[in-house]
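The lines below spell out each chain.
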Amino acid sequence: MKHLIATLLLLFVIGFSSAALAADVQIFTTEKGIKVWLVEEKNLPIISMSFAWQGGVENDAEDKQGLCRIAAAMLTKGAGQDDENAFQKKMQENAISIGFTAQRDTIYGQFRSLKDTLPIAKDMLRASLYNPRFDEDSLTRLKAETSSSLKRYQSDPDWMLSRLMMSETFSGHPYSKRSMGTLATINAITRDDLKNWHKRLSRDQLIVSITGDITKVEASKILDDLFGDLPQRTELPAVLEAEIKGKQQVFIVNYNGPQSSMQLIWPGIKRSDKDWYAAQVMNYILGGGSFSSRLMSEVREKRGLTYGISSGMALFDHAATYNIQASFKNENAGEVLALVKKEIARIRDTEVSANELKAAKDYLIGAYGLSLTSTSQVAAHYLELQRQKLSVNDQQESEAALKSVTADDVQRVARRILKDEDMAAYFVGQPKGVTPTKALPSIE
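About the criteria used
Residues numbered from 1 in each chain as written. Predicted model: local features only at pLDDT ≥ 70, side-chain atom pairs only at ≥ 80, totals over all residues. Heavy atoms only, no water. pLDDT = per-residue confidence, 0-100. Contact = heavy atoms within 4.5 Å. Phe/Tyr/Trp six-rings, centres within 6.5 Å; stacked < 30°, edge-to-face > 60°. Helix = DSSP H or I, 4+ residues; strand = E, 2+ residues; numbered from the N terminus. Buried < 20%, exposed > 50% of the residue type's maximum accessible area, 1.4 Å probe, protein only. Lys NZ or Arg CZ within 6 Å of the ring centre and 35° of its normal. Core = buried A, V, L, I, M, F, W, Y, C linked by side-chain atoms within 4.5 Å. Pairing = 2+ DSSP bridges. Axes fitted to C-alpha atoms, helices over the stretch in contact; angles between N-to-C directions. Salt bridge = Lys/Arg side-chain N within 4 Å of Asp/Glu carboxyl O. Arc of directions from axis to C-beta. Lys, Arg positive; Asp, Glu negative; His and termini not counted. Polar contact = N/O pair within 3.5 Å; in protein donor to acceptor, adjacent residues only side chain to side chain. Parallel < 35°, antiparallel > 145°, perpendicular 65-115°, else oblique. Left-handed = near helix turned anticlockwise from the far one by under 90°. Nonpolar A, V, L, I, M, F, W, Y, C, P; charged D, E, K, R; others polar.

A. Structural detail: the confidence of the model for the protein chain. For the protein chain, the mean per-residue pLDDT works out to 92, and 94% of the residues sit at or above 70. Residue range residues 1-20 is modelled with pLDDT below 50. Its contacts to residues more than four positions away, or to other chains, number 37 contacts.

B. Examining the packing of aromatic side chains more closely. Scanning all chains against the criterion turns up 12 aromatic pairs. With 5.8 Å between their ring centres and 75° between their planes, phenylalanine 51 and phenylalanine 100 make a pair best called edge-to-face. Here phenylalanine 100 lies in strand β4 (residues 97-103) and phenylalanine 51 lies in strand β3 (residues 46-54), a separation of 49 residues in the sequence. Looking at phenylalanine 100, the relative accessible area reads 7%, which means it is buried. Of the aromatic side chains, those joined through ring pairs into one cluster are Phe51, Trp53, Phe100 and Phe227. In this structure, arginine 126 packs its charged tip against the face of tyrosine 130, placed 4.3 Å from the ring centre.

C. Summary view of unusual backbone geometry. Even without a glycine there, the phi angle at alanine 95 is positive, about 55°. Positionally, alanine 95 belongs in the loop between α4 (84-93) and β4. Backbone geometry at phenylalanine 134 places phi at a positive 50°, although glycine is not the residue there. Phenylalanine 134 gets classed as buried once you look at its relative accessible area, which sits at 2%.

D. Seen up close, the nonpolar core. Met49, Phe51, Trp53 and Phe227 are the most contacted members of the largest nonpolar core, which has 72 residues in total. Of the residues forming this core, the biggest block, seven residues, is contributed by helix α5 (residues 118-130). Setting aside residues up to four positions removed in sequence, methionine 49 forms contacts with Gly109, Gln110, Phe111, Leu125, Val208, Ser209, Ile210, Leu223, Leu226, Phe227 and Ala379.

E. Inspection of the sheet that holds strand β6 (residues 206-212) at higher detail. Across the sheet, six strands lie side by side as β1-β2-β6-β3-β5-β4; this open sheet has mixed pairing. Of all strands in the sheet, those bounded by a partner on one side alone are β1 (26-29) and β4. Put simply, the sheet's adjacent strands are angled 15° from each other on average, direction ignored. As judged from the nine bridges shared by β3 and strand β5 (residues 106-114), these two strands associate in the antiparallel manner. Residue pairing in the sheet places alanine 52 in a bridge with tyrosine 108 of β5.

F. Structural detail: the pattern of salt bridges. Going through the model one piece at a time under the given rule, you end up with 32 salt bridges. The shortest N-O distance in the salt bridge between lysine 32 and aspartate 229 comes to 3.5 Å. Pair noted here: lysine 32 is in the loop between β1 and β2 (35-40) and aspartate 229 is in the loop between α10 (216-227) and β7 (250-254), with a separation of 197 residues, a long-range link. The exposure class assigned to aspartate 229 is partly exposed, which follows from its relative accessible area of 46%.

G. Representation of the side chain of threonine 117 within the structure. Position of threonine 117 among the secondary structure elements: in the loop between β5 and α5. Relative accessible area serves as the criterion here: at 9%, threonine 117 is assigned to the buried category. Not counting the four nearest positions on each side in its chain, threonine 117 is found in contact with Asn94 and Ile96.

H. Representation of α4 within the structure. Regarding α4, the residues found buried are Glu84, Phe87 and Met91. Seen end-on, α4 carries its buried residues on one side only, within an arc spanning 70°. Of the exposed residues in α4, those oriented more than 90 degrees away from the buried face are Asn85, Lys89 and Gln92. Lining the buried residues of α4 we find β4, α5 and α6 (136-153). Just beyond α4, the residue with positive phi is alanine 95, at close to 55°.

I. Region of the structure containing the side chain of aspartate 105. One can find aspartate 105 in the loop between β4 and β5. Buried within the structure, aspartate 105 lacks any salt-bridge partner; its nearest side chain of opposite charge belongs to arginine 387, at an N-O separation of 5.1 Å. Within polar-contact distance, the side chain of aspartate 105 engages the side chain of tyrosine 175 at 2.6 Å. Setting aside residues no more than four positions away along its own chain, aspartate 105 makes contact with Trp53, Gln54, Gly55, Gly56, Val57, Glu58, Tyr175, Phe316, Asp317 and His318.

J. Up close: the pairing of β1. Alignment of β1 against β2, held across four bridges, turns out to be antiparallel. For threonine 29, the partnering residue across the bridge sits in β2 and is lysine 35. Two successive antiparallel strands, β1 and β2, enclose a turn made up of five residues, where glycine 33 displays a positive phi of approximately 85°.

K. Main features of the packing of α4 against α5. In contact at an axis separation of 11 Å, α4 and α5 are set at 150° when each is read in the N-to-C sense. By the angle between their axes, α4 is roughly antiparallel relative to α5. For α4 against α5, the interelement crossing comes out left-handed. Across the interface between the two elements, Phe87, Lys90 and Met91 from α4 touch Ile120, Met124 and Ser128 from α5. A breakdown of the residues in the contact of α4 with α5 according to their chemical character gives four nonpolar, one polar and one charged.

Structure, rendered in structure tokens:
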């Protein structure tokens, strides 16, 4: 039996049939109001489900930052009659995967089960939703692990840079809160805090995507059994659109080491923006295309100034940023920054070549399908389409939109996003040739 389970577990990560991807997604609401997107796939005896609640770590109280992440993790550290060890052992023995994570804007859940063990898996997920134990010993251990990670990360320049960027870019907004918390706020979290947090999990904030060997009738019954007894609604604090702060500033945290880490940030654009696809092509050419990108070619390949440099869009429900990130020897900082600014000016001021344009569009179109090769990936994908209020036919629509992007579109969106007056620069290290407008203390 163990060998059979091990074999079937491989199906969680290997090929998902192209027929299923082409099939119609069934969109419906169950009797108890659960919103569902379903893709039936009869070739694999697996059910994968992704689900999410609106509202994430930005709703943590100032003095309890880190609560959302701690509480989400605690949902599978013992539930019902099973303590943490028994719960984890039961999942392992029955090839079941249940997990919860908290991010900005969202609490995510994921579930995978073989068809044969679905009844056991469903009971375990239901127990974690309605009867998490929140045992003191498990909470104490998780808080200690989190505190230990925080202490270790305080010597990681890239982690410090991320903390710095979120704190300054979103100063005064809930996004500036620290998702992992601080040593003080983690220590302040209690079992009562977890119980109060648990009340946030309601039906009105829930969306679900399910994929695999399950029919609409079966899915409706299971989902109502799982989620139908949650509170009908919960009230969350309103989160306003975030203003991107720090423009025209250079922030440096002095850190004693041979290297510096850098992030350059501009206000970005949302997924629903008409220029989204042009921005994706522009980004691929500038820094998102790994070794195919201009930044990698100019900074690493030609001059050997960094092991890696990249760019990309960071999306939140109430903000978007465009980022360029790299790390390098302290003495190379000024030269790297000058080269990046030169490439930014070039993509703004000169049309990209026909070959660059074609390569970017071909890659982005092809990469979409390659990311959907397992039941869990498909379930997560359709969940995100729901979250972002996109069409079920997003793959086809994205392909058509990407094909229509012109060199003029790329240049226009580069001018729109990459404005000199909108840039903020963040460094951790001792970057030579870079003058700070604001020096900051070390990051807790």
